[in-house]
Amino acid sequence: MTKVPQAPAYVLGIMNLRGRIVSNIDLGLKLGLAPSKTTETSRIIIVNSRDENIGLLVDRITDVVTSKWRGVESNPSNIKEVKGTAGLFSGNPQVPQGSHRATGYRGSLNAD
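Since the structure is predicted, the reported quantities are computational estimates derived from the model, not experimental observations.

Trainee: Just to check I follow, could you spell out the environment of Thr-39 for this structure?
Mentor: Structurally, Thr-39 is set in the loop between α1 (27–30) and β3 (43–49). Note on Thr-39: relative accessible area 42%, which makes it partly exposed. Between the C-alpha atom of Thr-39 and that of Asp-59, which follows or precedes it by 20 residues, the distance is 7.5 Å. Within polar-contact distance, the side chain of Thr-39 engages the side chain of Thr-41 at 3.2 Å.

Okay, here's the thing in structure tokens:
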């Protein structure tokens, strides 16, 4: 990963993934939360938003579930209270009971 001079603190850097440049961000920092820790179990999830590949640093991945868009529920009302989330999340996919949800991300790296 290559650091980007003068980038916001939440931008970890950029990398080349199969010929495409991917901006990697620490979603915790972007949302004003604690930064993600890079450990042996950390992973970068690649998402596509508005034809831009974005890497999201996460603490770990324990399972991957495929969900159909028609099964996506509305965001919980309290997500509006989290700093920096306005317009970033499109909904919550239904997942098996006991699993954590990965909320549909539709944001961009525009500076706030």
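Next comes the rest of the write-up.
Trainee: Explain the pairing of strand β2 (residues 20–25) here, please?
Mentor: The two faces of a sheet get side chains in turn, since along a regular strand they alternate between them. Alignment of strand β1 (residues 11–17) against β2, held across six bridges, turns out to be antiparallel. Its bridge partner being in β2, Met-15 is matched across the sheet by Val-22. What sits between β1 and β2 in their antiparallel hairpin is a turn of two residues, with Arg-18 showing a positive phi close to 55 degrees. Looking at chain direction, β2 and strand β4 (residues 52–58) are connected through three bridges and run parallel. In the strand pairing of β4, Ile-25 is matched with Leu-56.

Trainee: It is not clear to me how a nonpolar patch on the surface should be interpreted in this structure. Could you clarify?
Mentor: On the surface, Met-1, Ile-44 and Ile-46 cluster together to form a nonpolar patch covering roughly 260 Å² of accessible area. With respect to the secondary-structure elements, Met-1 resides in the segment before β1. Classification of Met-1 by relative accessible area gives exposed; the value is 56%.

Trainee: What should I look at first to understand the side chain of Asn-24 in this one?
Mentor: Mapped onto the elements, Asn-24 comes out in strand β2. Residues in contact with Asn-24, not counting those within four places in the same chain, are Met-1, Tyr-10, Val-11, Leu-12, Gly-13, Ile-14, Met-15, Ile-44 and Gly-55.

Conventions adopted
Residues numbered from 1 in each chain as written. Predicted model: local features only at pLDDT ≥ 70, side-chain atom pairs only at ≥ 80, totals over all residues. Heavy atoms only, no water. Helix = DSSP H or I, 4+ residues; strand = E, 2+ residues; numbered from the N terminus. Buried < 20%, exposed > 50% of the residue type's maximum accessible area, 1.4 Å probe, protein only. Polar contact = N/O pair within 3.5 Å; in protein donor to acceptor, adjacent residues only side chain to side chain. Pairing = 2+ DSSP bridges. Patch = residues over 30% accessible without salt bridge, like charges linked within 9 Å, V, L, I, M, F, W, Y side chains within 5 Å. Areas by Shrake-Rupley, 256 points an atom, 1.4 Å probe, with all protein chains shown as cover. Salt bridge = Lys/Arg side-chain N within 4 Å of Asp/Glu carboxyl O. Contact = heavy atoms within 4.5 Å.

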